[in-house]
Amino acid sequence: QVQLVESGGGSVQAGGSLRLSCVASGWTTHMAWFRQASGKSREGVAALVPYAPPVYSDSVKGRFTISRDSAKKTLYLQMNDLQPEDSAMYYCAADHEQRGLTPAYKYWGQGTQVSVSS
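Predicted model only: the values in this text are computed from it and were never measured.

A. Summary view of the state of the cysteines. By the definition in use, this model includes 1 disulfide. Residue Cys22 pairs covalently with Cys92 via a disulfide, S to S 2.2 Å. On the S-S bond that ties Cys22 to Cys92, the torsion sits near -75 degrees, and the link is left-handed. Taken together, the positions of Cys22 in strand β3 (residues 18-25) and Cys92 in strand β9 (residues 88-95) put the pair 70 residues apart, joining distant regions of the chain. Accessibility expressed as a relative area gives 0% for Cys92, which makes it buried.

B. Region of the structure containing the pattern of salt bridges. According to the stated counting rule, one finds 6 salt bridges in the structure shown. The partner of Arg35 in a salt bridge is Glu43, with the nearest N and O atoms 2.7 Å apart. Overall, Glu43 belongs to the partly exposed group, its relative accessible area being 35%. When the shortest N-O distance is used, the salt bridge between Asp86 and Arg35 registers 2.9 Å. Note that Asp86 is positioned in the loop between β8 (74-79) and β9 and Arg35 in strand β4 (residues 30-36), a separation of 51 residues in sequence. Classification of Asp86 by relative accessible area gives buried; the value is 0%. Arg35 gets classed as buried once you look at its relative accessible area, which sits at 5%. One network of salt bridges, in which partners are shared, links Arg35, Glu43, Arg63 and Asp86.

So, how was this worked out
- Residues numbered from 1 in each chain as written.
- Predicted model: local features only at pLDDT ≥ 70, side-chain atom pairs only at ≥ 80, totals over all residues.
- Heavy atoms only, no water.
- Disulfide = S-S within 2.5 Å.
- Helix = DSSP H or I, 4+ residues; strand = E, 2+ residues; numbered from the N terminus.
- Buried < 20%, exposed > 50% of the residue type's maximum accessible area, 1.4 Å probe, protein only.
- Salt bridge = Lys/Arg side-chain N within 4 Å of Asp/Glu carboxyl O.

Structure (structure tokens):
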């Protein structure tokens, strides 16, 4: 059974940076980051794609970077130049099939809150 535990969220001012971490137990293959702002649907932020560059939502391209340390079973999301519209609960997701930025992943973390003020 796969378990995902996120950390690294917090409150920052616009233009600041945060690095989210997701520690996974069990075997994980395809992983991604999602976020859900208050009153909005969950949206894909960044996803790892086997043998290809990661995919990002247009709103975070050039600012966010997804990466994984396979030896430590840890997924990261480096977030730079944060803006108020980035404020949301961020979730780590994993599945045994490629899902990209679609919210159909089997395993989910508990979420970590990111709040950006101007």
